[in-house]
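Listed here are the chains, written in short residue letters.
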Amino acid sequence: MKKNIKDYNLEDLKEYFKQIDEKPFRAEQVFKWIFSENVTSFSEMTNISLELREKLDNEFNINNFNIIKKLESKDGTKKYLFDVLDGNAIETVLMEYKHGFSICVSSQIGCKMGCKFCASTGIPFVRNLSAGEIVEQILAVQRDSKIKVSNIVFMGIGEPLDNFENVMKSIEIINNPKGLNIGARHISISTSGLVPRIYDLANRNSQSTLSISLHSADNIKRSEMMPVNNTYNIEELIKACKDYIKITNRRISFEYALAKDNNDNLDDAKKLVKLLKGMLCHVNLIPINKIESGKYSKSTNENIIKFRDYLNDNGIVATIRRELGSDIDAACGQLRRQNLK
Ligand code: SAH
């Protein structure tokens, strides 16, 4: 089978061109065509000889996703369901903010983490996405929407740290000035809390932002919401976060989805303050998105504001995440779920 050229970073391409006795600058030219010019065929690579284009065409595919479905929200948010060319479908979301466009990418087809409030739970995990498939989500959205993205968040389907090497490689391509040229500081990786991989990430010296899906400062409650807490509990997770901050000097962002009568009262806020006090961090409060058959529902606005104010009054910087695309079920894996039915 032909390889997907989008799985090749600049180094891989240089190595390939060396093997076929071509000059290294050819690698840069092809890399730019693919990731910066976003071409969908070798025939568009006009500064490459016809002979070399044919050779590449025989060796590689340029995997361009097909759009199965596209939903557009009143607020401009677009949600794509992509066919990843093997019969599987993944979701990618495009959001517009004051400072530019942001894309939420998937890292796996399905997820193994089993968080109780998440739409990916209860439907099959299929496989990891390759680096090229992660990057192609951005390329495909840019082709379709004719925009240039400035921020990437790994908050789509999947657990990015459970697909560590492919995610790291995709970030390298996204980052490369000759590729998508999006600065590491404009990339966020969100994790349910795979402690050993948090250390791996710290040691890679990545400048990306780490987001931790915390959702509760209480082990019993967190284990109920997120089974991963039975493997890596809150104490181990926070220790890893503190070490991460020490190693990288980077601020961590904690995600906290507020569910009514579950983790949204003053007592929960107090525990959270105690847990995070003194850490270089920021708390992102998310009104939980109720999923079909899910037992968690959204907190009242009043409770959400009270929760935020309590954190801010007690030295923890907290903001409420603006809800985008709620009219199109843009949050959290709901399209893939419908599509499987
Ligand atoms: N597996 C990674 C990244 C994907 S989930 C992680 O767990 O962080 C991205 C974010 O969406 C996480 O913070 C996750 O907890 C949150 N999320 C999932 N389902 C949600 C829902 N129904 N409502 C609100 N947030 C949800």
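Criteria and thresholds
- Residues numbered from 1 in each chain as written.
- Predicted model: local features only at pLDDT ≥ 70, side-chain atom pairs only at ≥ 80, totals over all residues.
- Heavy atoms only, no water.
- Salt bridge = Lys/Arg side-chain N within 4 Å of Asp/Glu carboxyl O.
- Helix = DSSP H or I, 4+ residues; strand = E, 2+ residues; numbered from the N terminus.
- Buried < 20%, exposed > 50% of the residue type's maximum accessible area, 1.4 Å probe, protein only.
- Pairing = 2+ DSSP bridges.
- Axes fitted to C-alpha atoms, helices over the stretch in contact; angles between N-to-C directions.
- Polar contact = N/O pair within 3.5 Å; in protein donor to acceptor, adjacent residues only side chain to side chain.
- Contact = heavy atoms within 4.5 Å.

The next thing to look at is the pattern of salt bridges. A complete count under the given rule lists 19 salt bridges for this structure. The salt bridge partner of Asp162 is Lys112, with a shortest N-O separation of 3.4 Å. You can see Asp162 sitting in the loop between strand E9 (149-154) and helix H5 (164-175) and its partner Lys112 sitting in the loop between strand E7 (108-109) and strand E8 (127-128), a full 50 residues away along the chain. Between Glu255 and Arg321 there is a salt bridge whose closest N-O contact spans 2.4 Å. Of this pair, Glu255 sits in strand E12 (residues 252-258) while Arg321 sits in the loop between strand E14 (318-320) and helix H11 (334-340); the two residues are 66 residues apart in sequence, bridging distant segments of the chain. On the basis of relative accessibility, which here comes to 2%, the residue Glu255 falls in the buried class. Within this structure, Lys6, Glu136 and Arg143 form a network of salt bridges that share partners.

Take the sheet that holds strand E4 (residues 78-83) next. The strand order across the open sheet formed by ten strands is E3-E4-E5-E6-E9-E10-E11-E12-E13-E14, and the pairing between neighbours is mixed. Either end of the sheet is taken by a strand with one partner, and the two such strands are strand E3 (66-72) and E14. For this sheet the average axis-to-axis angle between neighbouring strands, irrespective of direction, equals 25°. As judged from the six bridges shared by E3 and E4, these two strands associate in the antiparallel manner. If you follow Lys70 over to E4, its bridge partner there is Tyr80.

This paragraph deals with the side chain of Ser106. Note on placement: Ser106 falls in the loop between strand E6 (100-104) and E7. A distance of 2.6 Å separates a polar side-chain atom of Ser106 from the backbone oxygen of Glu91. When sequence neighbours within four positions are dropped, the list of residues in contact with Ser106 reads Ile90, Glu91, Leu129, Ile134, Gln137, Gly156 and Ile157.

Moving on, we come to unusual backbone geometry. The phi torsion at Asn181 lies on the positive side, around 55°, for a residue other than glycine. Examined against the element boundaries, Asn181 turns out to sit in the loop between H5 and strand E10 (187-191). Taking the relative accessible area as the measure of exposure, Asn181 reaches 49% and is therefore partly exposed. In this structure, Asn205 is a non-glycine residue whose phi angle is positive, near 60°. Residue position: Asn205 is located in the loop between helix H6 (195-203) and strand E11 (209-213).

All we've got here are geometric facts, nothing functional implied.
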